[in-house]
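Spelled out from the first residue to the last, the chains are:
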There are 2 protein chains.
Amino acid sequence: MSIVAVGSVAFDTIATPSGRAENVLGGSATYFSLAASYFTDVRLVAVVGDDFTAEHENVLHKRGIDTRGIEHARGKTFRWGGSYSDNLNEAKTTFTHLNVFEAFRPQIPKEYLDSEFLFLANIQPTLQADVRRKMRGVRLTGCDTMNYWINRTPKELAETLKLVDVLLINDAEAKMLVGETNLPRAARKVLAMGPQALVIKHGEYGATIFFGEGAFGIGRHPFRAPALPIEEVKDPTGAGDSFAGGFMGYLVAQKEVNREVLKRALFYGGVMASFAVERFGTERLQSLTREEIDGRFQIFRELTHFE
Amino acid sequence: MSIVAVGSVAFDTIATPSGRAENVLGGSATYFSLAASYFTDVRLVAVVGDDFTAEHENVLHKRGIDTRGIEHARGKTFRWGGSYSDNLNEAKTTFTHLNVFEAFRPQIPKEYLDSEFLFLANIQPTLQADVRRKMRGVRLTGCDTMNYWINRTPKELAETLKLVDVLLINDAEAKMLVGETNLPRAARKVLAMGPQALVIKHGEYGATIFFGEGAFGIGRHPFRAPALPIEEVKDPTGAGDSFAGGFMGYLVAQKEVNREVLKRALFYGGVMASFAVERFGTERLQSLTREEIDGRFQIFRELTHFE
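Notes on the structure follow. Worth saying up front: this structure is predicted, and the values here are computed from it rather than measured.

Topic: the nonpolar core
And then number 1: Phe247 and Met272 of chain A are the most contacted members of the largest nonpolar core, which has 111 residues in total.
And then number 2: In terms of residue count, helix α9 (residues 259-276) of chain A provides more of this core than any other element does, eleven residues in total.
And then number 3: With 62 residues, the next largest nonpolar core counts Phe32, Ala46, Val199 and Met248 of chain B among its residues.

Quick look at helix α5 (residues 154-161) of chain B
All names here are of chain B.
And then number 1: Those residues of α5 that sit buried are Leu157, Thr160 and Leu161. The arc that holds the buried residues of α5, viewed along the axis, is 100°, so those residues lie on one side.
And then number 2: On its buried side, α5 packs onto α3 (125-134), α4 (147-152), β10 (166-170) and α6 (171-178).

What to know about the interface of chain A and chain B
And then number 1: Opposite the 38 residues of chain A that make contact, chain B presents 38 residues.
And then number 2: Regarding the contact of chain A and chain B, the summed buried area is about 3,600 Å², with carbon and sulfur atoms giving 53% of it.
And then number 3: Counting across the chain A and chain B interface gives two salt bridges.
And then number 4: Glutamate 231 of chain A serves as the salt-bridge partner of arginine 188 of chain B, at 2.6 Å between the closest nitrogen and oxygen.
And then number 5: Those elements giving two or more residues to the side of chain A that touches chain B turn out to be α6 (171-178), α7 (183-191), β13 (223-225), α9 and α11 (290-304) of chain A.
And then number 6: Ranked by the residues each element gives to the side of chain A that touches chain B, the list is headed by α11 of chain A, at six residues.
And then number 7: Looking at the side of chain A that touches chain B, its residues break down into 15 nonpolar, seven polar and 16 charged.

With respect to the relation of the copies chain A and chain B
And then number 1: The transformation that overlays chain A on chain B combines an axial shift of 0.0 Å with a rotation of 180°, and the residual RMSD is 0.0 Å. The operation mapping one copy onto its partner corresponds to a two-fold rotation axis.
And then number 2: Looking at chain A, 100% of its interface residues are interface residues in chain B too, so the copies touch through the same face.

Here's the deal with the pattern of salt bridges
And then number 1: Summed over the entire model, instances satisfying the criterion amount to 33 salt bridges over all chains.
And then number 2: The salt bridge involving glutamate 111 of chain A is made with arginine 68 of chain A; its shortest N-O contact spans 4.0 Å. Of the two residues, glutamate 111 of chain A sits in the loop between β7 (91-97) and β8 (117-120) while arginine 68 of chain A sits in strand β5 (residues 66-72), which places them 43 residues apart along the sequence.
And then number 3: A salt bridge links glutamate 292 of chain B to arginine 284 of chain B; its shortest N-O distance comes to 3.2 Å.

Criteria and thresholds
- Residues numbered from 1 in each chain as written.
- Chains lettered and ligands numbered in written order.
- Predicted model: local features only at pLDDT ≥ 70, side-chain atom pairs only at ≥ 80, totals over all residues.
- Heavy atoms only, no water.
- Core = buried A, V, L, I, M, F, W, Y, C linked by side-chain atoms within 4.5 Å.
- Buried < 20%, exposed > 50% of the residue type's maximum accessible area, 1.4 Å probe, protein only.
- Helix = DSSP H or I, 4+ residues; strand = E, 2+ residues; numbered from the N terminus.
- Arc of directions from axis to C-beta.
- Contact = heavy atoms within 4.5 Å.
- Buried area = accessible area lost by both parts, 1.4 Å probe.
- Salt bridge = Lys/Arg side-chain N within 4 Å of Asp/Glu carboxyl O.
- Nonpolar A, V, L, I, M, F, W, Y, C, P; charged D, E, K, R; others polar.
- Least-squares fit on C-alpha atoms with pLDDT ≥ 70 in both.

See the structure below:
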């Protein structure tokens, strides 16, 4: 089994209360792919510039990630700068240089076309829809988006959501997408736009999955997974993409995608996000073991399950 | 088994996006006592004025609450007015008339002195400490406080916390109490002030209990309970006190207070809060059944437990 991930590869310059990192490998597709690589085969589609070296690519190869879908364009790789104040909940963007990412038109290598799972990281909704249509054999598509597209391209985004099985966004994005202040009401309206399941990420409070009626088997209720209470978050960048990587990666590796599997996947999403924030950039996601991941899964279980 | 609850009885005037209610029976001790009354015997200590009628007292008697500790003073009962905007997370106080509550000096009837559990709702910390000292046979004391006391009487509050076993406060209060921005770090510092366990309420995201080292048996981790995703919150007033009532009430009814029991108590706290907000004031808490409560407990379990 394998999953195709489409999104950004970037070099990030990050300042947090714990320190600073310059031009470290990041981007939504990078975080996603590294996190998912502990569960399944990952095939990456992205664009990079001349400054993306063999050493950078080797970070992905070491995790077994297929990089044939990385387009090498002339110019510089996407660069993003962000800083976090004490509460760490929101990044303040200090600069965005799209560079080669500005003209990104995802090309799917024909070797990728037999993948049954697809993740559309946060890129322009029309590009997301194009990729989904090209990947004809896909059984399940996960998707992320952000306030920028919700505000600027609502019609295009609505079209994309019709093609998506699981949408992963945060509280503010869910409320903004349907103009609602109440979360479960917002969830119901988002599900009416197309997705069969909606994962709403609550940052340090975990995440909730809401199911469309009758989707993924029988069940009445949403399901909530915790986040790990962490005393020192070094760098929250990429936590959401790492969550998506753990969530989707776990799904791909299961025989069947049903509600019980989606619940556990939500826990694995939280697990991967909790690792990602322990160090700057993608560092922690590069050197995990499956034993560490399953050990932390047990901690998440103890956090919420009584005997 | 029984619990003594000390706090306010009030008449509230509340405006929310769902409607308005005038002079409805409220107050921290009222919400607490009603919620706890479904689990154990509750003995109330509070002060009311001439406007508190036999009909009001009957609301408490119907739930078997011992009202011998209610002092009837000359003047009006405490009155509070609050309004909520769309997000419902924070009340805007429109008026506070302390009335007879201003001179409240809790008197414990001697018939109450054999209670082994005590809950100190949000009142002046020195009064809380006085009550705790008078209740010599108490095995476990729960306590609430608020930003007003954290800012105005930090020394007195610190003295009170040395006498408390379980403190129940919200995120902002925990962070303010110890001057911390990170929640688990704040929790560690609060536990160092005295309590053996700290319950931090996250509103719509549930609650987390942090344990002092070695307190309540063996265990490494905090524990997190969900809140119920509710499409229509009619009136959030008293949710925190109802949470405390469910939490403490469940504890009192158990043979032993250990970590497993505290985890389940956290769920019952959420359950009682979820009922409280379904109608205005204490209405919903007046007419529940234990079957409804246990049914909702199962929903909370399904919200967080996988097979």
